[in-house]
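# Architecture at a glance
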Amino acid sequence: MNVLVVTESCFGNTARVAGAVAAGLQSKGAAVTVADAASQPDPSGVDLLLVGAPTHNMGLPGPGSRRQARDKGGNPGVTGVAEWLDALPRTLGGSAAVFDTVTGTGFFSGSAARGIGKRLRRHGVTIVARTSFLVGGTDGPLAEGELERAHAWGAELA
Ligand SMILES: Cc1cc2nc3c(=O)[nH]c(=O)nc-3n(C[C@H](O)[C@H](O)[C@H](O)COP(=O)(O)O)c2cc1C
C-alpha cells in the first residue's frame, strides 16, 4: 500500500504526529512518503492520502495565522495545506484520512481536520478517518500518549 502524508507545522508538533503515523503505517508494511505541503507533493496514484495541519483560528492555517505563529516564535512554511488543497485537480478521487493538532477538545477549539475533510470531499475524495491530537499550548508539547496514539492510528489505517 502506497501512502502519502501531507502536512504543515509551525512549531513541530503536527510534523511529529505525521512522523508517528507514518511509522505506524510502515510497521504494517505500507510504503509511506511524508511531504511538507509547501513542496506541493503530487497525490495522484496513491492508495491512501493522509493530510494533517495545526488548527488555527478554529480551522486551517492561512497566511495571516502563519504570520501570527511566526510572531510567537514558530517557523511556518510560506504556504501550507490550504494552498496545496487549492491546487488539487478538480476530480482526484480515492481515500483519505485527516488529522490536526488542537489545544483543546471542546467545540470552541475548532478543527483544521474538519476543514481539510470538507475540502477533499469536493474533489471526490472519501474520508475514511478523522482525528485530533492534543497539544499543551500554542508551541506544544504534545499531550502525554499522543505520539503513541498517532502510531497506533497509523497501524490501524494500514
Ligand atoms: C494563530 C494561531 C491560532 C490558533 N488557533 C487555535 C484554535 O482555534 N484552536 C486550537 O485548538 N488551537 C489553536 N492554536 C494552537 C495550535 O493548534 C497549535 O499551535 C498547534 O497545534 C501546534 O502545532 P504545530 O507545532 O504543528 O504548529 C492556534 C495557534 C496559532 C499560532
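Everything that follows concerns the structure shown earlier in this document.
Residues numbered from 1 in each chain as written. Predicted model: local features only at pLDDT ≥ 70, side-chain atom pairs only at ≥ 80, totals over all residues. Heavy atoms only, no water.

## So, the packing of aromatic side chains
- With the rule as written, the count across this model stands at three aromatic pairs.
- Ring geometry for Phe99 versus Phe133: centroids 6.3 Å apart, planes at 80°, classification edge-to-face. On the criterion of sequence distance, the pair formed by Phe99 in strand S4 (residues 95-102) and Phe133 in strand S5 (residues 126-134) is long-range, its members being 34 residues apart.
- The class of Phe99 is buried, set by a relative accessible area of 0%.
- Classification of Phe133 as buried rests on a relative accessible area of 0%.
- With 6.0 Å between their ring centres and 75° between their planes, Phe99 and Trp153 make a pair best called edge-to-face. In this pair, Phe99 is assigned in strand S4 and Trp153 in helix H5 (residues 146-157), connecting sequence segments 54 residues apart. (Phe/Tyr/Trp six-rings, centres within 6.5 Å; stacked < 30°, edge-to-face > 60°. Helix = DSSP H or I, 4+ residues; strand = E, 2+ residues; numbered from the N terminus. Buried < 20%, exposed > 50% of the residue type's maximum accessible area, 1.4 Å probe, protein only.)

## A short note on the site of the ligand
- Residues in close proximity to the ligand total 21 residues, the closest being Ser9, Thr14, Met58, Thr101 and Thr138.
- Between the ligand and Asn13, the relevant distance is 2.7 Å, taken from an oxygen atom to a side-chain nitrogen or oxygen of the residue.
- Between the ligand and Met58, the relevant distance is 2.7 Å, taken from an oxygen atom to a main-chain nitrogen or oxygen of the residue.
- Look at the ligand: alone it shows 620 Å² of surface, and the protein chains cover 93% of it.
- The set of elements that each furnish at least two residues to the shell around the ligand consists of helix H1 (13-27), helix H2 (63-71) and S4.
- Looking at the shell around the ligand element by element, the count peaks at three residues for H2.
- Of the residues in the shell around the ligand, the class split is seven nonpolar, 14 polar and no charged. (Near = heavy atom within 4 Å. Polar contact = N/O pair within 3.5 Å; in protein donor to acceptor, adjacent residues only side chain to side chain. Areas by Shrake-Rupley, 256 points an atom, 1.4 Å probe, with all protein chains shown as cover. Nonpolar A, V, L, I, M, F, W, Y, C, P; charged D, E, K, R; others polar.)

## Details of the side chain of Ser111
- Position of Ser111 relative to the elements: it lies in the loop between S4 and helix H4 (112-121).
- Among the residues examined, Ser111 registers a relative accessible area of 6% and is labelled buried.
- Reaching out from Ser111, the side chain makes a polar contact with the side chain of Asp100 at a distance of 2.6 Å.
- At 3.0 Å, the side chain of Ser111 forms a polar contact with the backbone nitrogen of Arg114.
- With residues up to four places along the chain from it excluded, the contact list for Ser111 reads Thr55, Met58, Gly59, Asp100, Arg130 and Ser132. (Contact = heavy atoms within 4.5 Å.)

## Side note on the pattern of salt bridges
- The tally for this structure, following the rule as stated, stands at four salt bridges.
- In this structure, the salt-bridge partner of Glu146 is Arg149, at a minimum N-O distance of 2.9 Å. A residue pair is termed a helical-turn pair when its members lie 3 or 4 positions apart in one helix, as Glu146 and Arg149 do in helix H5 at three residues.
- Of the residues examined, Arg149 reaches a relative accessible area of 33% and is grouped as partly exposed. (Salt bridge = Lys/Arg side-chain N within 4 Å of Asp/Glu carboxyl O.)

## Remarks on the environment of Ala37
- Within the fold, Ala37 resides in the loop between strand S2 (31-36) and strand S3 (48-54).
- Overall, Ala37 belongs to the buried group, its relative accessible area being 0%.
- Beyond its immediate chain neighbours, meaning those up to four positions away, Ala37 contacts Val6, Thr7, Gly80, Val81 and Trp84.

## What to know about the packing of H1 against H5
- Viewed as axis vectors pointing N to C, H1 and H5 meet at an angle of 40°, and their least axial separation amounts to 6 Å. Taken together, the axis directions place H1 and H5 in an arrangement best described as oblique. Handedness of the crossing formed by H1 with H5: right-handed. Here Arg16, Val17, Ala20, Val21, Ala23, Gly24, Leu25 and Ser27 of H1 lie close against H5, whose contacting residues are Leu147, Ala150, His151, Trp153, Gly154, Ala155 and Leu157.
- Taken together, the residues of the contact of H1 with H5 break down into ten nonpolar, four polar and one charged. (Axes fitted to C-alpha atoms, helices over the stretch in contact; angles between N-to-C directions. Parallel < 35°, antiparallel > 145°, perpendicular 65-115°, else oblique. Left-handed = near helix turned anticlockwise from the far one by under 90°.)

All quantities given are derived from atomic positions and should not be read as evidence of function.
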